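Observations on chain architecture
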Amino acid sequence: MSQELLPWYVNGTLPPAEAQAVERELAQSEVVRGELRLWQAVARAVEEERATGIADGAELGWLRLARQLRAATPRPRRARWQMTAAAALLAVIGVQSVFLYRSDRAHREEIRQLGAAPAGVRENEWRIQVRFRDGATLAEIESVLAAAEARVIDGPSALGIYELAVSRARFADAQAAARWLSEQPVVAQGTAPP
Amino acid sequence: MNDATVMNAADADVAARSWLNDIAGGDQRALEHFYREYHGAVYQFALRLVRNPADAAELVNETMLEVWKAASGFRGGSRVKTWVLSITSHRAVDLLRRKKRHSGSVEIEDDIVDHAACALPDVLSGAENARHVRTCIERLPERQRQVVHLTFFEQLAYPEIAQVLDVPTGTVKTRMMHAKAKLVHCLGSFLSHGESP
């Protein structure tokens, strides 16, 4: 029975065949035409309601949802590059431990004093301290180290500070190296210790 | 729907599919676009279902979270609007169950209305009063109100409504017939009792 399709004839979503069937019934029946008027009145009433506007909670709603998503999203993993750096440092420390152990036996007088430059800074390198920004990726850090001709020799400290050995061929002095590193987006701070 | 409306709906659907693809890849900006596009439709449908602005806002939030999690599950077999409103419908059922307000709507399908008391021709003049019509729509049982809303507010085809509500198309038509009977009865009451039947 096409009469039951009248609401969707009114909203214009019937396929042509069903719409034509409805129109045939409309042509034949006063009752169906009356029902058409009812649904048209319903459609007008709803349309007026739409025109009066809907509650505008979109902005607040989005802010709430965005906050939930941020809370649910794991923070960028600093661990990946830090673990890689830590692994490299462990290797360095391991090598240094062996070296120091042997030095201790052979050259006890050469044990470096607390606070001196860490072992591993060669004569052709500057010692620089840097702190990388949170969220810096391993690739970004590696890129900066490569551009500075630098390598990690110690760290991170409790404050997140790394000791770098930077090529003297790349920078005229340690201050220049520190300045250049400080200007890199992934570096929060670069200093040349005395 | 006129041709412009059809074109706009088609354009909106194409854009929404693209957003869903990006959302599936974890793009929150795409979700923001999606949210702003569908917030109104989801909120209005939710309000029809739960009749409470706070619960409707909660349903919008739950629906959009589901979109964020399940965007990759959209298979493209329906319009995006149909898909997102079906999420709202399911979430509303859950919400109403939680609130234990769902009982009472189940038996509505078999609800019998006294047609004899208010014949259609008699109430058509009352139907010209849009406020009366809206009041009568609000008084419809939940399931009938859903069908009326999706038909006239969202302008969905009846097979799309069946998808949204996860029922056979015959059930959609039946609910609409029951809604018509209730509307006629309600409008007749306005005529009999004036402003407040």
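Here goes a summary of the coordinates provided.

**Some thoughts on the overall build of chain A**
- Scanning chain A from N- to C-terminus turns up 7 helices and 4 strands.
- Classification of the 194 residues of chain A by burial places 35% in the buried group.
- When contacts within chain A are restricted to residue pairs at least 6 apart in sequence, long-range pairs at least 24 apart make up 62% of them.
- A total accessible area of about 11800 Å² is found for chain A, and carbon and sulfur atoms account for 55% of it.

**Looking at the interface of chain A and chain B**
- Taken residue by residue, the interface counts 38 residues in chain A and 44 residues in chain B.
- Interface area for chain A against chain B, summed over the two sides, is near 3800 Å², with a carbon-plus-sulfur share of 65%.
- Among the residues of chain A in contact with chain B, Trp8, Leu38 and Trp62 of chain A are the three that bury the most area, contributing 18% of the side total.
- The salt bridge partner of Arg134 of chain B is Glu48 of chain A, with a shortest N-O separation of 3.6 Å.
- A per-element tally of the side of chain A that touches chain B places helix H3 (residues 30-51) of chain A first, with 15 residues.
- When the residues that make up the side of chain A that touches chain B are grouped by side-chain class, the tally is 19 nonpolar, 9 polar and 10 charged.

**Quick word on the state of the cysteines**
Residue and element names in this part refer to chain B.
- Going through the model one piece at a time under the given rule, you end up with 1 disulfide over all chains.
- Disulfide partner of Cys136: Cys186, at an S-S distance of 2.1 Å. Between Cys136 and Cys186, the disulfide has an S-S torsion of -80 degrees and is therefore left-handed. One end of the pair, Cys136, is in helix H6 (residues 130-138); the other, Cys186, is in helix H9 (residues 169-193), and 50 residues separate them in sequence.
- Using a relative accessible area of 2% as the deciding quantity, one classes Cys136 as buried.

**Some words on the pattern of salt bridges**
- One pass over the full model with this rule turns up 15 salt bridges over all chains.
- Between Glu163 of chain A and Arg127 of chain A there is a salt bridge; the shortest N-O distance is 2.8 Å. One end of the pair, Glu163 of chain A, is in strand S3 (residues 161-167); the other, Arg127 of chain A, is in strand S1 (residues 125-132), with 36 residues separating them in the sequence. Each member of the pair, Glu163 of chain A as well as Arg127 of chain A, is classed as buried.
- With a shortest N-O distance of 2.8 Å, Asp13 of chain B and Arg17 of chain B are connected by a salt bridge. Separated by 4 residues within a single helix, Asp13 of chain B and Arg17 of chain B lie in helix H1 (residues 3-24), roughly one turn from each other.
- Note on Asp13 of chain B: relative accessible area 10%, which makes it buried.

**As for the packing of helix H2 (residues 28-50) of chain B against helix H4 (residues 80-98) of chain B**
Residue and element names in this part refer to chain B.
- Put simply, H2 and H4 touch, their axes get as near as 10 Å, and they point 40 degrees apart. When the axis of H2 is compared with that of H4, the two are oblique. The crossing of H2 and H4 is right-handed. Of the residues in H4, those touching H2 at Phe34, Tyr38, Ala41, Val42, Phe45, Ala46, Leu49 and Val50 are Val80, Lys81, Val84, Leu85, Thr88, Ser89, Ala92, Leu95 and Leu96.
- Class assignment for the residues of the contact of H2 with H4 results in 14 nonpolar, 2 polar and 1 charged.

**Looking at H6 of chain B**
Residue and element names in this part refer to chain B.
- Within H6 the residues assigned to the buried category are Ala130, His132, Val133, Cys136 and Ile137. End-on view of H6: buried residues confined to an arc of 160 degrees, all on one side of the axis.
- Two or three places before Arg131, at the opening of H6, Asn129 has a side-chain oxygen 3.0 Å from that residue's backbone nitrogen.

**Let's talk about the packing of helix H4 (residues 58-72) of chain A against H2 of chain B**
- For the pair H4 of chain A and H2 of chain B, interaxial distance at closest approach is 10 Å and the crossing angle is 150 degrees. Looking at the two axes, H4 of chain A sits roughly antiparallel to H2 of chain B. As for how H4 of chain A packs across H2 of chain B, the hand of that crossing is right-handed. Counted together, Ala58, Glu59, Gly61, Trp62, Leu65 and Leu69 of chain A of H4 of chain A and Gln28, Leu31, Glu32, Tyr35, Arg36 and His39 of chain B of H2 of chain B form the full contact between these two elements.
- For the contact of H4 of chain A with H2 of chain B, the residue count by class is 6 nonpolar, 3 polar and 3 charged.

**Some words on the nonpolar core**
- Core analysis: the largest hydrophobic core is formed by 78 residues, its most contacted members being Trp8 and Val42 of chain A together with Leu20, Phe34 and Val67 of chain B.
- Ranked by residues supplied to this core, first place goes to H2 of chain B with 11 residues.
- Within the second largest apolar cluster, 21 residues are counted, among which are Ala136, Leu145, Leu164 and Leu181 of chain A.

**Things to note about the packing of aromatic side chains**
- A full pass over the atoms with the stated rule returns 7 aromatic pairs over all chains.
- Ring geometry for Phe171 of chain A against Trp180 of chain A: centres 5.8 Å apart, planes inclined by 50 degrees, an arrangement best described as tilted.
- For the pair Phe34 of chain B and Tyr38 of chain B, a centre-to-centre distance of 4.8 Å together with 35 degrees between the ring planes defines the contact as tilted. Highlighted residues: Phe34 of chain B and Tyr38 of chain B, both in helix H2, separated by 4 residues, approximately one helical turn.

**Observations regarding empty space enclosed by the protein**
- Counting across every chain of the model gives 1 cavity of 30 Å³ or more.
- Within this model, the largest cavity holds a volume of roughly 50 Å³.
- Taken together, Gln3, Glu4, Pro7, Glu35 and Trp39 of chain A together with Lys173, Met176, Met177 and Lys180 of chain B make up the full set of residues lining the largest cavity.
- Elements with a minimum of two residues in the lining of the largest cavity: H3 of chain A together with H9 of chain B.
- By residue number, the principal contributor to the lining of the largest cavity is H9 of chain B, which donates 4 residues.
- Split by residue class, the lining of the largest cavity holds 4 nonpolar, 1 polar and 4 charged.

Procedures and definitions
- Residues numbered from 1 in each chain as written.
- Chains lettered and ligands numbered in written order.
- Predicted model: local features only at pLDDT ≥ 70, side-chain atom pairs only at ≥ 80, totals over all residues.
- Heavy atoms only, no water.
- Helix = DSSP H or I, 4+ residues; strand = E, 2+ residues; numbered from the N terminus.
- Buried < 20%, exposed > 50% of the residue type's maximum accessible area, 1.4 Å probe, protein only.
- Contact = heavy atoms within 4.5 Å.
- Areas by Shrake-Rupley, 256 points an atom, 1.4 Å probe, with all protein chains shown as cover.
- Buried area = accessible area lost by both parts, 1.4 Å probe.
- Salt bridge = Lys/Arg side-chain N within 4 Å of Asp/Glu carboxyl O.
- Nonpolar A, V, L, I, M, F, W, Y, C, P; charged D, E, K, R; others polar.
- Disulfide = S-S within 2.5 Å.
- Axes fitted to C-alpha atoms, helices over the stretch in contact; angles between N-to-C directions.
- Parallel < 35°, antiparallel > 145°, perpendicular 65-115°, else oblique.
- Left-handed = near helix turned anticlockwise from the far one by under 90°.
- Arc of directions from axis to C-beta.
- Polar contact = N/O pair within 3.5 Å; in protein donor to acceptor, adjacent residues only side chain to side chain.
- Core = buried A, V, L, I, M, F, W, Y, C linked by side-chain atoms within 4.5 Å.
- Phe/Tyr/Trp six-rings, centres within 6.5 Å; stacked < 30°, edge-to-face > 60°.
- 1 Å grid on protein atoms, 1.4 Å probe; cavity = no way out; pocket = protein on both sides within 12 Å on 5 of 7 lines; lining within 4 Å.
- Points joined across faces, edges and corners; volume = space filled by probe spheres on them.

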